[in-house]
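Coordinate inspection notes
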Amino acid sequence: MPKSWEALGEVLNKEVQDAIKSLNFPFMTPVQAAAIPQLLNKKDVAAEAVTGSGKTLAFLIPVLDILKKKELEEKWHKHQIGAIVISPTRELALQTKLVLDQLLESVTNLKEILFVGGNSVEEDVKNFKDIGGNIVICTPGRLEDLLTRRQDINLPTAVKNLEVLILDEADRLLDLGFQKSLDTILSYLPRQRRTGLFSATQTKEIQDLIRAGLRNPVLVSVSAKAQQSTPDLLQNYYILAKNDGKLAALLSFLQQKQVKKAICFFPTCACVDYWSRVFPHIMSKDVNLPVLAIHGKMKNKRKNILESFKSKEKALLLCTDVMARGIDIPEVDWVLQWDPPASASSFVHRVGRTARQGQTGSSIIILLDNEECYVNFIETNQRVKLNRIDDVSSRDQELPLGALAASYGLLQLPKMPELKNRDLSDFPIVNNFDTNNVPYRDKTREAIRLKKLNEYKQTGIWPSKKTKFIKKPTEAWSTAKKCKEARKEKRLKRKQAKEASKVEGKGKGKKRKGISEEDMEELKKDIALFKKFKKKKISNEEYEKAMGLL
């Protein structure tokens, strides 16, 4: 197995060799040394390697070499697509494009084009018509759209000469629900091609995809250490915080460690929005970290925010798992996690945003008292050793929801069934504060809220889309029981009448073909009575009396 690029000797095209030299990476990483020769030898490859191990170059170098050697037979036309690289997110696709652009400075006659969300499909169509592209870097949804779009672009014809297909972060592609899109894309591509699957983890779904899209693939599995699935130079830690002190633990940590550039993962887009507004007001001035935020619902803003974060010497980026895969920012010294991720593999991908390209890095996750078992779980499941810092004495293992709500800065507890019969004495009550005086930032929502508030003050009932009738006052237990018995007796009489009608009219054991005139008249009266009640022409008491319920 070659360890340096020079060891490939005459195998690589001269221009590709020059492109590698421009990167100043004298040695191959293990995944590069294992995967590149296989792809060059016309093999399909399924590669598994830890995050930050150099997978991008492991497929871009063979792509360029294969296309340049094919060029010896016939020059690539600008509308002929020779390679496709599919990434799960636009951020990862853009990052791959930047690496490829650097390589293409030394490689002639090959062009790349980016097909991702964030800009219009019409703009992608125009760019391809005007400029063309031999190497397509894309997200699956946009590529599927362009392949099935026949009226103004004929991409299926452009991919007929495809030489290489690369699925980057293949497991993430499947996690995000792109299986259907991938099936559609594969149906348009020629079978005589080379295919590479690159991922940090292997799953059952990956194995299914390998069987469907690869021909006798070579499996490459590389781990930086036999005992762990994260990079060698990454140190992982955890803080065991008090249940009402998670926020204080995070802020103290940022101050004590003098963090320069960090990414902090939160579970939802709403959390990112909330804390991005709160953090600048509560962080110590000694921390001096500009706060940026990015999540999947931002769409067009994400590119500019990511570029801004990359350009800053010091910054704290709050984000969701949209930033957990493949994003390469070598200057990141800390990865922070507010909560344990939903899946164990996501932990590895999150912490892999630091300690990249030979740099050192650290990660820390903040756990509550009752979450300490996660330390053993992640070590067993993902081979990641967590070291404890800032030792905090443990408390009662039952999660105190009141204290937890206070740590989020809530002024009042939400109405939810989980709080029923729970001890909420540790939630501080804010006196002389009327939540009705807190406006929405959005003017439209605020106008709707004020309208509902005015109706509430007049009726005492908060209006809701689901509310169709005004709830009747609570009845006494004895009255409710009496009504229930009356309804039961009425149903019994109806049943007996139907049985008797069967015997008299059609004979024993045979079903009636229709409803009797007497039953029909009674049903009409009940319907008319209900309509009067619904239109408030009669009171609730009059309705129940007429129905025989009183």
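Attention shifts here to a positive patch on the surface. There is a patch of like positive charges on the surface, built from Lys 484, Arg 487, Lys 488 and Arg 491. Along the chain, Arg 491 falls in helix α18 (residues 477-505).

Looking at helix α15 (residues 373-382), one finds that the buried residues are Tyr 374, Val 375, Ile 378 and Gln 382. Along the axis of α15, the buried residues cluster in a sector spanning 110°; they form a single face. Along α15, the residues that are exposed and aim more than 90 degrees away from the buried face are Cys 373, Asn 376 and Thr 380. Summarising the contacts, the buried residues of α15 are in contact with β8 (234-240), α14 (344-351) and β13 (361-367). In the segment just after α15, Arg 383 is the residue with positive phi, at about 55°.

Okay, the nonpolar core next. Core analysis: the largest hydrophobic core is formed by 47 residues, its most contacted members being Leu 254, Phe 266, Leu 316, Met 323 and Leu 336. For this core, the element with the highest residue contribution is helix α11 (residues 246-256), accounting for six residues. Ignoring sequence-local partners within four residues, the contact set of Leu 336 consists of Leu 250, Phe 253, Leu 254, Ala 262, Ile 263, Cys 264, Phe 265, Leu 316 and Ile 364.

Moving on, we come to the sheet that holds β13. With parallel pairing, the seven strands of this open sheet are ordered in space as β10-β11-β9-β12-β13-β8-β14. Edge strands, defined here as strands with exactly one partner in the open sheet, are β10 (291-294) and β14 (387-388). Where strand β12 (residues 334-337) lies against β13, four bridges are found, and the strand directions are parallel. Its bridge partner being in β13, Val 335 is matched across the sheet by Ser 363.

Calculation notes
- Residues numbered from 1 in each chain as written.
- Predicted model: local features only at pLDDT ≥ 70, side-chain atom pairs only at ≥ 80, totals over all residues.
- Heavy atoms only, no water.
- Patch = residues over 30% accessible without salt bridge, like charges linked within 9 Å, V, L, I, M, F, W, Y side chains within 5 Å.
- Areas by Shrake-Rupley, 256 points an atom, 1.4 Å probe, with all protein chains shown as cover.
- Salt bridge = Lys/Arg side-chain N within 4 Å of Asp/Glu carboxyl O.
- Lys, Arg positive; Asp, Glu negative; His and termini not counted.
- Charge placed at Lys NZ, Arg CZ, Asp CG, Glu CD.
- Helix = DSSP H or I, 4+ residues; strand = E, 2+ residues; numbered from the N terminus.
- Buried < 20%, exposed > 50% of the residue type's maximum accessible area, 1.4 Å probe, protein only.
- Arc of directions from axis to C-beta.
- Contact = heavy atoms within 4.5 Å.
- Core = buried A, V, L, I, M, F, W, Y, C linked by side-chain atoms within 4.5 Å.
- Pairing = 2+ DSSP bridges.

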